[in-house]
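Each chain is listed here by its residues.
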Amino acid sequence: MAASNGIEAAAQKLLSPNGAEFDVALLDQVVSAAYNPIDPNRAIANKALMALQETPDVWTKADAILERAQNPQSRFFGLQVLDDAIRTRRLLSLRHTQLTNPDIYLISHAAKIFRWRVLPPEQREGIKNYVVGKVIQISQDENLMTTEKVFLSKLNLTLVQILKQEWPHNWPSFIPDLVGSSKTSEILCENNMQILKLLSEEVFDFSRDQMVTEKVKTMKESLNSEFSAIYHLCEFILEHSKRPSLLKVTLQTLQRFLTWIPLGFIFQTQLIDILLNRFFPEHIFRNDTLDCLTEVASLTDLEPQYDPLFRKLFSGFVAQLGNIFSPETDLTQPFENGSEEDCIFIQHLALFLSGFLKAHLKALETSETQQSLITGLYYLVRVSEVNDVEIFRICLEAWHMLANDLYQTDNEFKRYGYGGSVLNLGNNGNNNAAASRKFMYGPVLTGVRRVMIAKMAKPEEVLIVEDENGDIVRETTKDTDVIAQYKTMRETLVYLTHLNCDDTENIMLSKLTAQVDGSEWSWNNLNTLCWAIGSISGAMTEDEEKRFLVTVIKDLLGLCENKRGKDNKAVIASNIMYVVGQYPRFLKAHWKFLKTVVNKLFEFMHEVHPGVQDMACDTFLKIATKCKRKFVTLQTDERVPFIVELVDSLPTIISDLEPHQVQAFYEAVGCMLSDKGPAVTIDRPQLLVKLMEMPNRNWKLIMEQASANMESLYEPNTIKEIIKILKTNNKTCGTIGSIYANQLQTFFLDMLNVYKVYSERISTTIAQQGAVATQLSLVRTMRSAKKEVLRLLITFIDKSGPPESDPKAVSQGFIPPVLDPILGDYHRNIPGARDPEVLTLFTTVVEKLKSQIIGDVPRIMEAVFECTLQMITANFEDFPEHRIRFYEFIRAVNSHCFQALFNIPPEHQKLVVDSVVWAMKHTERNISDTGLNILHELLLNVGKTPNIAQGFYQQYLLALIQDVFAVMTDRLHKSGFKMHATLLRHMFHLVQMNQVTVPLFDPSTATAGQTNPAFLREHISNLLVSSFPNLTRSQVSKFVDGMFDVNMDLPTFKTHLRDFLIQLKEFSVEDNSGLFGEEAEAQQRQHMEAQQAYRSAVPGLLKPSEIIDDDL
């Protein structure tokens, strides 16, 4: 207790404002308590230090603290308060002011003026001189500099913070002073280099968010103009110093400057020669030197005159590297067992070689540097082999670039090299160059192929992985970095396969043989090999693919038969499934292999090892999607189409599957049955009946139990079984298409009765227990069942079509029974119990059935419109899914059943318009964009309907113009600018072209001869002048004149609007890139389309799942 009182007393004394000398020993005592994790007074001491740090004049005690403190942490505290004096954004002039006016308080904080700026000049000079003196004092004494290393580093940072405020305008002599003092002492020079390094980092690397642009520009210009002195200092040290620590820090400082210094200092001096021939061979300086050389190597967009210099640099580097280790050296063990310095060297070597090749490959492809280039590439192959993900990704960028570049050259050669004359005289030079280029890189690319295959990343489709304990488990999360790496590796291997298909095939088959004979057997080796085999699908010709895959699949199936152990079999099964899933073209062309593969998948569906069944079902679905016609047509040597046998044996096949896996299986079979091409002769309706026997039998059993005892429907297990059956039907319906109407008819009315029964029970429970009842387990399960009913209906309506379910038949046979139970339930329920799927269902109904449903739209809107609007307009956050679905419904009605909007009561018509305006003003972009699109479509539809148009214009047009102006100028909706412009142009031109014949003004108060264009012009002018006082009448008049110019096309109109918005004060100081969003999006879209077109043109770059089959 006494100790506690002592710390509190010490803290109080430190915080006392009296003029007594600051007690540094007392501070030491408080700091010791604050930094001691077991001191009981730690919290009190910390609180005291924070309070002391907030004291306005504490910085004036910094010199005493730094000079007399015994505790190192106290000295750091002193430096911190000194830093705060330089950095803190606070107005000293308001320090003792009693701020009673909140506006003054806000101004004081918004001003963001650095405290340093308001210090008197003599105090700023005093702090500066003290810090400089302290830095010099410590850095002149080698022993002191060693013991105070951390403290000196902190002092250097403080000095750089002062420089950011004072240099160059108030301290122009800083660089000359620093360079001059550096020549007086090597010890002092070493610390000066640290300061220069920090200064370069602050100005060029970290300045973006910490200094205004003009200040950064001034400092960069000063560094540039004075760099000659800095460079000559560095050069002097590198040539004359024998002090290793000084040489290392000079190299590190130089590396920071190399990113921006004028090129003359690099290429017109002895710098590269000094780095390459003096420092790179020395182990102690090698990594820092390599950093400098990497900066030079990565310079891009230079004039061709520098190419010879880069060639000389690369040749010299490869020669020096050969003195360290040869290109044949295996680096995997040195990297695993080497020192930290060795590992850093290999990583930096990857950066140098990769950066150099990406920036200067073409410059190195000359006769004099060809051997150096190939040797450098062999070194990069060796570096790529080390077991480090980051190093490999660095190398991968270079290999991807090289493979892509060589493929494009080779492809041009193939496309144009053999055309024209037989002798091909016109292109001979280019052809020889292309062929010789490919030949030159051939041996290196073999090494690259081996590395790519050995290190292939895991594809997204593979679900079975080895965990950190060495166990084979099902993957639970997706690693996005690995997926991105796989994509790059896959593209690289596709290019490499195109460049030499035989080499890729030979490497893969030899590795597969080593797996089969056990000489290189391991899970990882088999995985990476099979992932690589799957990744090159489409890169071979069909004949090459057939020859290759026959061997691969036979060997993998044999391996699966012969290997013992559950984990081994799971790994092999995973790889078989991945590989066969990637080659649908081969499977379609070879029925016996396809049948063998599918039967093997059925075997895997009984394998309970985690992930195997999931992957078997996923692969089966993938194959069914791509090869469905093979299963529904009669194949050679078969008695019946495969699907007939499949449906007969279905109960046995799926007996060990989980519900979600069963649903995936039904989805796959439904996909097969969806094929109704001319070659398909099976009885599809009959097979559908057979397919659905199991779920229908279970459904019938549940209904029989319910007819005997209705309470059985409320059993949790019964509800879960109903959900399973509905999900299976939904998956089947989603793939099988319109023929599903035959199946739905068998239980449609029962399903609606189940929906009704659950709705009534939920409503009763809520009436008894209130809104909290929606969280009860049974209620939530019943709601899940209701949602599945809705989802099945949504899927059915979406997939409906002739001949089994044409729009008229659906609207007459299926829709009327749906309306009562679903709409009534939605309307009377509390908001928390209304399912957004109801809105999705009727959106789908309107979009799919269009005019066939127009008579029912008023009834649908009466049930869902007003009650949903009340839910979503209370604020911008609640019921987000209902909000999106509601506007999708309104848009569907507006697009497909426009007349129905005017068959509802007038008050509801106004609600529709108000809801669209409310959507426009929403802060969620997808909602506001939807609102704008609805309004545009609504105006277009109104314009096409003369009996509605004039009444609509008279009631809403003026208000809509104001609302669009309000949204456009509120700075929150810049992304909607294109549609704002489209709407305003449409509405203003309607008025100007006299298409609005009813008065927009009150005729009783208007002057004689008033017209709509004149009225609107005056109305908008007054509105803008009153809303934006900074605008003059002439500016407004010019802008409004442009709004009425009917000769303006949309791009010109947008430019007119954009110029006006940027004139406004509210916009002029902001980021207005949103106003140009349309152009940016169009540019991005063009880039993506060009990229997709390129990927489509290179066989193998698109995954099989991304290719649309024309024959299906």
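The structure this text deals with has already been given above.
Right, let's walk through the structure included here. Residue positions are counted from 1 within each chain, in the order its sequence is given. Since the coordinates come from a predicted model, pLDDT governs what is reported: local features require at least 70, and pairs of side-chain atoms require 80 or more to be given and counted, while whole-chain, interface and lining totals use all residues. Excluding hydrogens and water, the side-chain figures rest on all heavy atoms present in the structure.

**Some points on unusual backbone geometry**
A negative phi angle characterises most non-glycine residues, just as the trans form characterises most peptide bonds.
Here is step 1 of the chain: Across the junction of Pro802 and Pro803, the peptide omega takes the value 5 degrees, indicating a cis bond.
Here is step 2 of the chain: Going along the chain from the N terminus, every DSSP run of H or I of four or more residues is numbered as a helix, and every run of E of two or more is numbered as a strand. Here Pro803 is to be found in the loop between α41 (777-799) and α42 (807-813).
Here is step 3 of the chain: Phi at Asp301 takes a positive value of approximately 60 degrees, unusual for a residue other than glycine.
Here is step 4 of the chain: By secondary structure assignment, the location of Asp301 is in the loop between α18 (286-297) and α19 (307-322).

**A look at the environment of Glu491**
Here is step 1 of the chain: The topology assignment puts Glu491 in helix α25 (residues 480-499).
Here is step 2 of the chain: Between the C-alpha atoms of Glu491 and Leu1101, which are 610 residues apart in sequence, the distance is 6.0 Å.
Here is step 3 of the chain: Contact definition: two residues touch when any of their heavy atoms are within 4.5 Å. If sequence neighbours within four positions are ignored, Glu491 has contacts with His400, Arg1095 and Leu1101.

**Considerations on helix α10 (residues 149-166)**
Here is step 1 of the chain: Under the convention used throughout, the expected extent of a helix is 1.5 Å for every residue step, that is, one less than its residue count. Between the first and last C-alpha of α10 there are 25 Å, a value that for 18 residues agrees with the 26 Å anticipated at 1.5 Å per step.
Here is step 2 of the chain: Of all the 18 residues making up α10, 14 are buried; the element is thus mostly covered by neighbouring parts of the structure. The classification of residues rests on relative accessible area computed with a 1.4 Å probe and restricted to protein chains. Under 20% of the type maximum is buried, over 50% is exposed, and intermediate values are partly exposed.

**Re the pattern of salt bridges**
Here is step 1 of the chain: One side-chain nitrogen of Lys or Arg within 4 Å of one carboxyl oxygen of Asp or Glu is enough to make a salt bridge. A full pass over the atoms with the stated rule returns 43 salt bridges.
Here is step 2 of the chain: Salt-bridge contacts for Lys731 lead to Glu667; the nearest nitrogen and oxygen are separated by 3.9 Å. Here the residue Lys731 occupies a position in helix α38 (residues 716-736), and Glu667 occupies one in helix α35 (residues 659-673), the gap between them amounting to 64 residues.

**Remarks on the side chain of Arg437**
Here is step 1 of the chain: Relative to the elements of secondary structure, Arg437 occurs in helix α24 (residues 428-454).
Here is step 2 of the chain: In contact with Arg437, not counting residues within four places along its chain, are Leu361, Lys362, Glu365, Asp405, Leu406 and Thr409.

**Let's talk about the packing of helix α43 (residues 815-828) against helix α44 (residues 836-849)**
Working note: a packed helix pair is described by the angle between its axes plus the distance between those axes.
Here is step 1 of the chain: The angle between two axes is taken between their N-to-C directions and runs from 0 to 180 degrees, where each axis is a line fitted to C-alpha atoms and a helix contributes only its stretch in contact. For the pair α43 and α44, interaxial distance at closest approach is 11 Å and the crossing angle is 150 degrees. In terms of axis orientation, α43 runs roughly antiparallel to α44. Crossing of α43 over α44 shows left-handed handedness. Only Val838, Leu839, Leu841, Phe842, Val845 and Leu849 of α44 make contact with α43, whose side of the interface consists of Ile815, Val818, Leu819, Ile822, Leu823 and Tyr826.
Here is step 2 of the chain: Of the residues that constitute the contact of α43 with α44, the class distribution is 12 nonpolar, no polar and no charged. Working rule for angles: under 35 degrees goes down as roughly parallel, over 145 as roughly antiparallel, 65 to 115 as roughly perpendicular, anything else as oblique. Less than a right angle of anticlockwise turn of the near helix away from the far helix marks a crossing as left-handed, whereas a clockwise turn marks it as right-handed. Amino acids outside the nonpolar list (Ala, Val, Leu, Ile, Met, Phe, Trp, Tyr, Cys, Pro) and the charged list (Asp, Glu, Lys, Arg) are all regarded as polar, and Gly is one of them.

**So, the packing of aromatic side chains**
Here is step 1 of the chain: Whether two aromatic rings pair depends on their centres lying within 6.5 Å, for rings of Phe, Tyr and Trp, where Trp uses its six-membered ring; planes under 30 degrees apart make the pair stacked, over 60 edge-to-face, and the rest tilted. In total, this model carries 36 aromatic pairs according to the counting rule given.
Here is step 2 of the chain: Ring centres 4.0 Å apart and planes at 35 degrees place the aromatic pair Phe317 and Phe352 in the tilted group. Of this pair, Phe317 sits in helix α19 while Phe352 sits in helix α21 (residues 340-364), and the two are 35 residues apart along the sequence.
Here is step 3 of the chain: With a centroid separation of 5.2 Å and 90 degrees between ring planes, the pair formed by Phe325 and Tyr379 is classed as edge-to-face. Pair noted here: Phe325 is in the loop between α19 and α20 (332-337) and Tyr379 is in helix α22 (residues 370-384), with a separation of 54 residues, a long-range link.
Here is step 4 of the chain: Residue Phe325 is classed as buried on the basis of its relative accessible area, which comes to 13%.
Here is step 5 of the chain: Owing to a relative accessible area of 1%, Tyr379 belongs among the buried residues under this scheme.
Here is step 6 of the chain: Following the ring pairs from residue to residue traces out a cluster consisting of Phe267, Phe280, Tyr306, Phe310, Phe314, Phe317, Phe345, Phe352 and Phe356.
Here is step 7 of the chain: Positioned above the aromatic ring of Trp171, the side-chain terminus of Lys128 is 4.5 Å from the ring centre.
Here is step 8 of the chain: Here the guanidinium or amino end of Arg761 rests over the ring plane of Tyr714, the centre of that ring lying 3.6 Å away. When the NZ atom of lysine or the CZ atom of arginine is within 6 Å of a ring's centre and also within 35 degrees of its normal, the charge is said to sit over that ring.

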